[in-house]
Amino acid sequence: GGLALAAHALRTAGFQVLEAADGQTGWEMARQQQPNLILMDVVLGPEDGVELCRKMKADPSLAHIYIALVTEKRLSPEEAQEGFEAGAEEYFRRPADPHEFLARLNTLLRLQRTEAALRASEEHFRTIIENLADGVFVHDRRGRITLVNLQACQNTGYSREELLEMKIEDIRPTP
């Protein structure tokens, strides 16, 4: 089938490929193996690939994994929109040109690595801010508070949730 050819092309290009016979097996493999990318047929026998994509994206342990949906038929704009709204990052129509297929997958994987690095950097930043001895308030141009650390909460007597709903000029220190 088309996904077997895609798997062969990916292996030839040096990718590690895991294959699942059905959606449930794929789901279980994804949770255990945490792959970088899932290629999923839109039609999975009795299952619907778009619906499975939606469920995977709703699962916090799988939401970060990129999903590329694959189909043999020409999609209407509405069908493609449904797949993207379900969380798919890409759509491929079989048979795909192997060079274009690999180039698009490499672009997806590069984007995924960039997003992962950004998330790690943001987490590092938030850890530093949270562990400072001084209260930290970050606000936007309108003065709306967008980030505070625990010390800022302790200094003002407001909860983090309260502060994140305030403007910087609304803060009144506790007596």
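These remarks concern the structure in this document. (Residues numbered from 1 in each chain as written. Predicted model: local features only at pLDDT ≥ 70, side-chain atom pairs only at ≥ 80, totals over all residues. Heavy atoms only, no water.)

1. Considering unusual backbone geometry
At step 1: We note that glutamine 34 has phi near 50°; this positive angle belongs to a residue other than glycine.
At step 2: Mapped onto the secondary structure, glutamine 34 falls in the loop between helix 2 (23–33) and strand 1 (37–41). (Helix = DSSP H or I, 4+ residues; strand = E, 2+ residues; numbered from the N terminus.)

2. As for the side chain of asparagine 149
At step 1: With respect to the secondary-structure elements, asparagine 149 resides in the loop between strand 7 (145–148) and helix 6 (150–156).
At step 2: Taking relative accessible area as the criterion, asparagine 149 reaches 0% and is therefore assigned buried.
At step 3: Side-chain polar atoms of asparagine 149 contact the backbone nitrogen of alanine 152, separated by 2.9 Å.
At step 4: What asparagine 149 contacts, discounting residues up to four positions off in sequence, is Ile129, Glu130, Leu132, Asp134, Gly135, Val136 and Arg160. (Buried < 20%, exposed > 50% of the residue type's maximum accessible area, 1.4 Å probe, protein only. Polar contact = N/O pair within 3.5 Å; in protein donor to acceptor, adjacent residues only side chain to side chain. Contact = heavy atoms within 4.5 Å.)

3. Topic: the packing of helix 2 against helix 3 (residues 49–58)
In helix packing, the relevant descriptors are the interaxial angle and the interaxial distance, both defined with respect to the helix axes.
At step 1: Two numbers describe how helix 2 lies on helix 3: the axes approach to 11 Å, and their chain directions differ by 25°. With respect to helix 3, the axis of helix 2 lies roughly parallel. The interaxial crossing formed by helix 2 with helix 3 has right-handed handedness. Of helix 3, the residues touching helix 2 (which contributes Gly23, Gly26, Trp27 and Ala30) are Leu52, Lys55 and Met56.
At step 2: Class assignment of the residues belonging to the contact of helix 2 with helix 3 gives a composition of four nonpolar, two polar and one charged. (Axes fitted to C-alpha atoms, helices over the stretch in contact; angles between N-to-C directions. Parallel < 35°, antiparallel > 145°, perpendicular 65-115°, else oblique. Left-handed = near helix turned anticlockwise from the far one by under 90°. Nonpolar A, V, L, I, M, F, W, Y, C, P; charged D, E, K, R; others polar.)

4. Quick word on the pairing of strand 4 (residues 66–71)
At step 1: Among the six residues of strand 4, six are classified as buried, and the element is accordingly described as predominantly covered.
At step 2: On strand 4, burial covers both faces: Tyr66, Ala68 and Val70 on one face and Ile67, Leu69 and Thr71 on the other are all buried.
At step 3: Across five bridges, the pairing between strand 1 and strand 4 is parallel. Across the sheet, isoleucine 38 pairs through a bridge with isoleucine 67, a residue of strand 4.
At step 4: Two elements, strand 4 and strand 5 (residues 90–93), share four bridges in a ladder whose sense is parallel. Opposite leucine 69, over in strand 5, you have tyrosine 91 as the bridge partner. (Pairing = 2+ DSSP bridges.)

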